[in-house]
Amino acid sequence: MNLFKKKNYITIQHVQNTKNEDIESPSIPDGLWLKCKYCKKTVYKKDIGEYKICPHCGGHFRIGAMERIALITDENSFEEINGNMCAKNPMGYPDYDVTIKKAQEKSGLKDGVVTGLCTINGYKAVIAVMDSNFMMGSMGSVVGEKVTRAVEKATALKLPIIIFTTSGGARMQEGIISLMQMAKVSAALSKHNDAGLLYITVLTDPTTGGVSASFGMLGDIILAEPKTLIGFAGQRVIEGTINEKLPEGFQTAEFQLEHGFVDKIVRRDELKETIGKILKMHCVEGGGF
Amino acid sequence: MNRAMKSVTMSRMISRPTTLEFIDEIFDDFIEFHGDRLFKDDKSIVGGIATLDGKPVTVVGVQKGHTIEDNLARNFGSPHPEGYRKALRLMKQAEKFNRPVITFVNTSGAYCGIGAEERGQGEAIARNLIEMADLKVPIICIFIGEGGSGGALALAVADEVWMLENGMYAVLSPEGFASILWRNPSRVEEAAELMKITAQDLIQNKVIDKIIPEPEDGLHNNLKYSTDIIKTELINKLEVLSNKNIEDLLSERYNRFRQFGEYSE
């Protein structure tokens, strides 16, 4: 009888990991083991470290806005602004309040972006950090308004703005008003730009749709984390339109670098240092040599 | 068929007059210019210079066709990045020579394909948004048919946005909305109604500023009915906008888009 025989292996729950599901379920599952969506290898949770990087392939696991802020800003320097802003229901979408509530519980945030003032290696900046745990970082009124106010604040205080993007695109439940956010944020960036101020975009996985087609692609300097999905149209939509399979590596950060749309790919554990250096080189009063 | 679905159907009719027909009726001496100076000439965007009431203007619009052959050449009115870059080039040219810009929107959306992504569809749209927000000449945008998402917005950051009575403007197609949010493409009519995409809905939430009436016998039978109205309105409005000082014009344009959003604090 082997009824009481101990197994000499542990069972790992099989996580089905198709491209589509990557987009819909960004959070790291609980438990001791994780599966890297890039190399498909199973990783012991502690091995990914505080930066959440796969030890096998260097793929970056998605992280939340507060986690990101802790990694990037100087200790105790972050001061949140507009932290209480919440979504309303401009289109009267059925049960939108329920959807919002669930997303708030899941992410611990009021909506898909956290904004505030901070220092990075001692340099002052305004930052806006999106969070894919909140309805896939979709941009509705709150995301648009908070990012716009962050940009306006940076313009008023003559500070750089750094935006960490992660978004599936416009918040469809808010209809045309979500589309208008793209114009609103871009117009605010135009004023910041005219004031001669620095805008750094950091594209993190995934940055697609309306965010890539507005502030995502407007940075003076555009950085991206390795292997990040970056593109305008969703891959399913493109496959459906052209009726063929997409090439390997399509719409990755490396693809965007190759095609000239990203300045530099930077690993998460080197991001703070890189941003700090860039800020340092832009804080010379009046520029010049 | 509900009212919203009627707009969807009418705005997509293959017989619906296209941008070039509107240009022909409204303006004189139109000269079409081609190319983005970077990659190629995207035939789904047309543009150039013309006169309106004797004064020079720049016109740019999305071009669809009336036949399959024509539509293939025009890519069914779905521009690639080079189309948006051509539009921007012509708008910057208008700024240099201080002439107003009139844009015509009629697209189901920016094209979704490999080449479009390789050449930066997102960047091309984003660039138009930021540049149009600060373009130092009056811009009036007219939705003559479909207005699909970012691909429409890329020509619609304007001082005034007008729409033909049976036009539409939405964050995505009602078919896409129904299949993504409800996983049920057959609920398209319900989606169209909920999405508030008709001219009547859009003027209420200030996305558009004016509705251009269409003739009872159909726009394709009597285009002049609507273009006569557009011509008169354009002449009047451009005179008002051109007389503003540029700071006022730009700050009003900024506030026009700044106001959008519903939230609590």
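Another point: the overall build of chain A. Within chain A one finds 9 helices and 11 strands. Split into buried and exposed, the 289 residues of chain A put 49% on the buried side. A separation threshold of at least 6 residues defines the contact pool for chain A, and within that pool the share at least 24 residues apart is 67%.

On to the interface of chain B and chain A. Frequently, the measure chosen for interface size is the accessible area removed from exposure when the parts meet. Counting residues at the interface gives 42 residues for chain B, matched by 46 residues for chain A. For the side of chain B that touches chain A, the secondary-structure elements that each account for two or more residues are α5 (114–118), α6 (121–133), α7 (149–153), α8 (174–181), α12 (246–258) and β8 (263–264) of chain B. Among the elements that line the side of chain B that touches chain A, the one with the most residues is α6 of chain B, at 8 residues. Looking at side-chain class alone, the side of chain B that touches chain A contains 25 nonpolar, 9 polar and 8 charged residues. Bridging between strand β4 (residues 86–87) of chain A and β8 of chain B involves 2 bridges; their strand directions are antiparallel. Within the sheet, the bridge partner assigned to C86 of chain A lies in β8 of chain B and is S264 of chain B.

Residue and element names in this part refer to chain A. Looking at chain A, the domain boundaries give domain 1 (10–61) and domain 2 (63–282). For domain 1 versus domain 2, the separation of C-alpha centres amounts to 23 Å. Taken residue by residue, the interface counts 13 residues in domain 1 and 16 residues in domain 2. Taken together, the residues of the side of domain 1 that touches domain 2 sort by class into 6 nonpolar, 5 polar and 2 charged.

Turning next to the sheet that holds strand β4 (residues 101–107) of chain B. All names here are of chain B. Read from one edge of the open sheet, 7 strands run β1-β2-β3-β4-β5-β6-β7, paired in mixed fashion. Each edge of the sheet is formed by a strand with only one pairing partner; in this case those strands are β1 (28–32) and β7 (210–212). Within this sheet the neighbouring strands show an average axis-to-axis angle of 25°, counted without direction. Here strand β6 (residues 160–164) runs beside β7; their pairing, made up of 3 bridges, is parallel. In the sheet register, L164 faces β7, and the bridge partner there is I212. Sheet strands touched by helix α4 (residues 81–96): β2 (45–52), β3 (55–62) and β4. Its angle to β3, the strand with the most contacts, is close to 170°.

All names here are of chain B. Along the chain, P100 turns up in the loop between α4 and β4. Residues P100 and G261, 161 residues apart in the sequence, show an inter-C-alpha distance of 29 Å. Apart from residues lying up to four places away in sequence, P100 is in contact with V57, V137, P138, L238, L241 and S242.

Our next topic: the confidence of the model for chain B. This prediction gives chain B a mean pLDDT of 96; 100% of its residues lie at or above 70. Across the interfaces of the predicted complex, the ipTM metric reaches 0.96, alongside a pTM of 0.93.

In regular strands, side chains alternate between the two faces of the sheet. All names here are of chain A. Counting buried positions along strand β7 (residues 161–167) gives 7 out of 7 residues, so the element sits mostly inside the fold. Pairing of strand β6 (residues 123–130) with β7 involves 4 bridges; the strand directions are parallel. The partner of V126 across the bridge, within β7, is I161. With helix α4 (residues 141–157) bridging β6 and its parallel neighbour β7, the resulting β-α-β unit is right-handed. Of the strand pairs in this sheet, β7 and strand β8 (residues 199–208) are connected by 6 bridges, and their pairing is parallel. The residue bridging I161 from the neighbouring strand is Y199, located in β8. In terms of handedness, the path from β7 via helix α5 (residues 175–194) over to β8 forms a crossover that is right-handed.

Turning to the nonpolar core, a few remarks are in order. Counting residues in each nonpolar core, the largest one holds 148 residues, and the members touching the most others are L129 and Y169 of chain B. Sort the elements by how many residues they give to this core and α5 of chain A lands first, with 10 residues. Non-local contacts of L129 of chain B, meaning those with residues more than four positions away in its chain, are made with M182, A183, S186 and S214 of chain A together with L153, A154 and V157 of chain B.

This next bit is on the packing of α4 of chain B against α6 of chain B. Residues and elements named next belong to chain B. Running from N to C, α4 and α6 point in directions that differ by 20°, and their axes come no closer than 8 Å. Taken together, α4 and α6 sit at an angle that is classed as roughly parallel. Taken as a pair, α4 and α6 cross one another with a handedness that is left-handed. The segment α4 lies against α6, with P81, Y84, R85, A87, L88 and M91 engaging Q121, A124, I125, R127, N128, E131 and M132. Of the residues in the contact of α4 with α6, the class split is 8 nonpolar, 2 polar and 3 charged.

Another aspect to go through is helix α9 (residues 268–282) of chain A. Residues and elements named next belong to chain A. Over its 15 residues, α9 extends 22 Å from the first C-alpha to the last, a length consistent with the 21 Å expected when each residue adds 1.5 Å. Of the residues making up α9, those classed as buried are R268, L271, I275, I278 and L279. Projected onto a plane normal to the axis of α9, the buried residues spread over an arc of 100° and lie on a single side. More than 90 degrees from the buried face of α9, the exposed residues found are E270, E273, K277 and M281.

On to the environment of N222 of chain B, then. All names here are of chain B. Looking at where N222 falls in the secondary structure, it is placed in the loop between β7 and α11 (223–242). For N222, a count of 14 C-beta atoms within 10 Å gives the class partly exposed. Considered as a pair, N222 and P17 are 205 residues apart in the sequence and their alpha carbons are 9.7 Å apart. Those residues in contact with N222, other than ones at most four positions away along the chain, are P215 and D217.

Analysis parameters
- Residues numbered from 1 in each chain as written.
- Chains lettered and ligands numbered in written order.
- Predicted model: local features only at pLDDT ≥ 70, side-chain atom pairs only at ≥ 80, totals over all residues.
- Helix = DSSP H or I, 4+ residues; strand = E, 2+ residues; numbered from the N terminus.
- Buried ≥ 20, exposed ≤ 12 C-beta atoms within 10 Å, placed from the backbone.
- Contact = placed C-beta atoms within 7 Å.
- Nonpolar A, V, L, I, M, F, W, Y, C, P; charged D, E, K, R; others polar.
- Pairing = 2+ DSSP bridges.
- Domains from an automatic or database assignment.
- Axes fitted to C-alpha atoms, helices over the stretch in contact; angles between N-to-C directions.
- pLDDT = per-residue confidence, 0-100.
- Right-handed = clockwise from strand over helix to strand, strands pointing away.
- Core = buried A, V, L, I, M, F, W, Y, C linked by C-beta atoms within 7 Å.
- Parallel < 35°, antiparallel > 145°, perpendicular 65-115°, else oblique.
- Left-handed = near helix turned anticlockwise from the far one by under 90°.
- Expected span 1.5 Å × (residues − 1).
- Arc of directions from axis to C-beta.

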